[in-house]
Amino acid sequence: MTTETDAIPANFIRNMIEKDVADNKHNKLVATRFPPEPNGYLHLGHAKSICLNFGIAEEFDGWTNLRFDDTNPDKESEEYMSAIKRDVAWLGFTWKSLCYASDYFDQLYDFAVGLVKDNLAYVDSLSSDEIREYRGSLKEPGKESPYRNRSVEQNLTLLNEMKNGEHDEGEHVLRLKIDMASSNINMRDPAIYRIKKTHHYRTGDKWNIYPLYDYTHCLSDAIEGITHSLCTLEFEDHRPLYNWVLEKTQPEGRPEQTEFGPLNLEYTVLSKRKLIQLVQSGIVNGWDDPRLPTLAGLRRRGYTPDSIREFCRRIGITKSAAVIEMQVLENCVRDELNETAERRMAVLDPVKVVITTWPQDNVEPLSMANHPGNTDLGRRTVNFGRELYIERSDFEEVPPPKFKRLISGGEVRLRSAYVIRCDEVIKDRDGNITELHCSHDPDTLGKKPEGRKVKGVIHWVNAAEAIAADVRLYDRLFSRPDPLAEEDFTDAINPESLSVHENAFVEPSVADAAAGTRFQFERQGYFVVDDDATAAKLVMNRIVSLKDNWSG
RNA sequence: UGGGGCGUGGCCAAGCGGUUAAGGCACCGGGUUUUGAUCCCGGCAUUCGGAGGUUCGAAUCCUCCCGCCCCAGCCA
């Protein structure tokens, strides 16, 4: 089924691939890869890349590999790797092969030996500080290392010794012999292997040298038969190097790199380094904190995979530095959940209402639709009784203009139930409202009241059967749209990003919903049963509020 | 006069020499509504960073200018 909203909007990469296929390039194959380093959890920025890579391959009947770019054992782990696999699968994509750059270490090494033999690579013994000095600056050319003209034999011997662990970290590095005067700094004899004696989570202690990104990535793409290597803009300057390595090592069938703009979202940060900082400093509660833009966090928050894919569809793919407003994301879940989430009533900040006209032990079962528009979602029964809870904010003694909820002496509709009138406000000695005494109009169930208009409708729960719940409300993690503009971005943390309503009540039908079940609490928003919920205590997260067009 | 990119309404974004310059988000009306939600209907760029030029015709081609982003890890 393809509707207008399912259609993938045009973008320059899709146009390019469409043309490639039409031109019979790569034999009409579209093979992509999503290549994260397992050094953190996936976030919305990765979702954009995942949707692009998997989506475009799917559209042209190609395939996509999930490849772990695991060439830096200092930062990588099994935990991150499994989290990444789970998140990609959760988003709804299926990879053709699960690949690891570390699986190519032997081949990569062989290619390196070949480059040395072709006099296109050499072992440099300058220190890292010296290499930086020799590299020159953005405006000045670099100069050649005194080790640049070692013989092939010497280089071969040294490289072999590096591999065998005969040298310490930092002593040598294998460099490509390109052009120290290049205006592109990436071409000034980039290092492709460094000595590192760290234990690798997959290859263990087998290697004493590890290949670097620029050398590894293009070759991994070529080894896997990738046709279109899509990455973010910051790698644009690396493309000449990507192509150089492939030209020197791959006779044919070379993949091509194309860059697109990374995702930026207001009021949050999308960089693994920053997210790691938030997690490790304890500013948030782990990688799946519902305030985080990580896929694990969004999942726990209650976002659906479809809503995230829809978000990626709506934001598009370009090369401009886009900063997306949060409402775009929020609107995606709302659109979906409005269709799919069953309605329930919940009172977050309760105040007791006593229906003085209702007999003490009278219980009346009321049938309510689970969805206002979709009868397939069925109905449920909620019992009406003498004592109820309503939202404290739904009553005002001194109502603001246009207030259409309950006021002293005024009437309001209890959703799917009766119209009530507030007759008396009971307060404690501090003046806090403790109870509202109301009378109901028995002739208003399922029908409009006679001879007058009641403008407001408010939600309620029956005190006799309400279930207590902790309801967690989330706000944006940062209080400014561009937290990175702050000297220290953590200074921009919103201190009120989480607020918990510990005395909330929900209607009984919510009680046995499994973790992950989503509801719309009428008039409030969409909520999900949190993983912390137990038989003894229900815990719910607000995914997103309802739109509120009331300017009062 | 280091190199590489980008500039279409508040935020995204289609557009690829001839269209009344798509669409979404946001916003502003108005209607329906037992959710101030949803839904519906209407509004929202005489103009595409600026100035010149080419052309019968320019957001689309050329020139210059302006603004913004990225790059000097033995990170990815």
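Conventions and cut-offs
- Residues numbered from 1 in each chain as written.
- Chains lettered and ligands numbered in written order.
- Predicted model: local features only at pLDDT ≥ 70, side-chain atom pairs only at ≥ 80, totals over all residues.
- Heavy atoms only, no water.
- Helix = DSSP H or I, 4+ residues; strand = E, 2+ residues; numbered from the N terminus.
- Rg over C-alpha atoms; globule rule 2.2 N^0.38 Å.
- Buried < 20%, exposed > 50% of the residue type's maximum accessible area, 1.4 Å probe, protein only.
- Contact = heavy atoms within 4.5 Å.
- Lys, Arg positive; Asp, Glu negative; His and termini not counted.
- Charge placed at Lys NZ, Arg CZ, Asp CG, Glu CD.
- Salt bridge = Lys/Arg side-chain N within 4 Å of Asp/Glu carboxyl O.
- Near = heavy atom within 4 Å.
- Polar contact = N/O pair within 3.5 Å; in protein donor to acceptor, adjacent residues only side chain to side chain.
- Nonpolar A, V, L, I, M, F, W, Y, C, P; charged D, E, K, R; others polar.
- Axes fitted to C-alpha atoms, helices over the stretch in contact; angles between N-to-C directions.
- Parallel < 35°, antiparallel > 145°, perpendicular 65-115°, else oblique.

S.K.: An account of the overall build of chain A is requested, with residue identities and associated values reported.
M.R.: Of regular secondary structure, chain A possesses twelve helices and 27 strands. Relative to its length of 552 residues, chain A is extended, with a C-alpha radius of gyration of 31 Å against a globular reference of 24 Å. Overall size of chain A, expressed as C-alpha extent along the three principal axes, is 100 × 55 × 40 Å. Scored against the burial criterion, the 552 residues of chain A give a buried share of 52%. A fraction of 70% describes how many contacts in chain A between residues 6 or more apart in sequence connect residues 24 or more apart. Charged side chains in chain A number 70 positive and 91 negative. The centres of these two groups are separated by 3 Å.

S.K.: An account of unusual backbone geometry is requested, with residue identities and associated values reported.
M.R.: Its identity as a non-glycine residue notwithstanding, K402 has a phi of 70°, on the positive side. Of note, K402 is situated in the loop between β16 (395-396) and β17 (406-407). Residue K402 is classed as exposed on the basis of its relative accessible area, which comes to 73%.

S.K.: Can you lay out the pattern of salt bridges for me, pointing to particular residues and giving the numbers?
M.R.: Considering all chains together, one arrives at 42 salt bridges under this definition. Linked through salt bridges whose partners overlap, the residues forming this network are D288, R300, R472, D530 and D532.

S.K.: A description of the protein's contact with RNA strand B should follow, citing residues and the corresponding values.
M.R.: Neighbouring RNA strand B are 70 residues; T71, T318, R343, R415 and Q520 lie closest to it. For RNA strand B, the fraction of protein-proximal atoms (within 4 Å) that sit in sugar or phosphate groups is 64%. Within the side chain of T71, a nitrogen or oxygen atom sits 2.6 Å from a phosphate oxygen of RNA strand B. For the surface near RNA strand B, the element with the highest residue contribution is helix α12 (residues 326-340), accounting for four residues. Classifying every residue of the surface near RNA strand B gives 24 nonpolar, 21 polar and 25 charged.

S.K.: An account of the packing of helix α2 (residues 44-59) against helix α11 (residues 305-315) is needed here, citing residue identities and associated values.
M.R.: It is the contact of α2 with α11, at a shortest axis distance of 9 Å, that shows an interaxial angle of 75°. By the criterion of interaxial angle, the relationship of α2 to α11 is roughly perpendicular. Side by side, α2 and α11 meet where L44, A47, K48 and C51 of the first sit next to I308, R309, F311, C312 and I315 of the second. A class-by-class count of the residues in the contact of α2 with α11 yields seven nonpolar, no polar and two charged.

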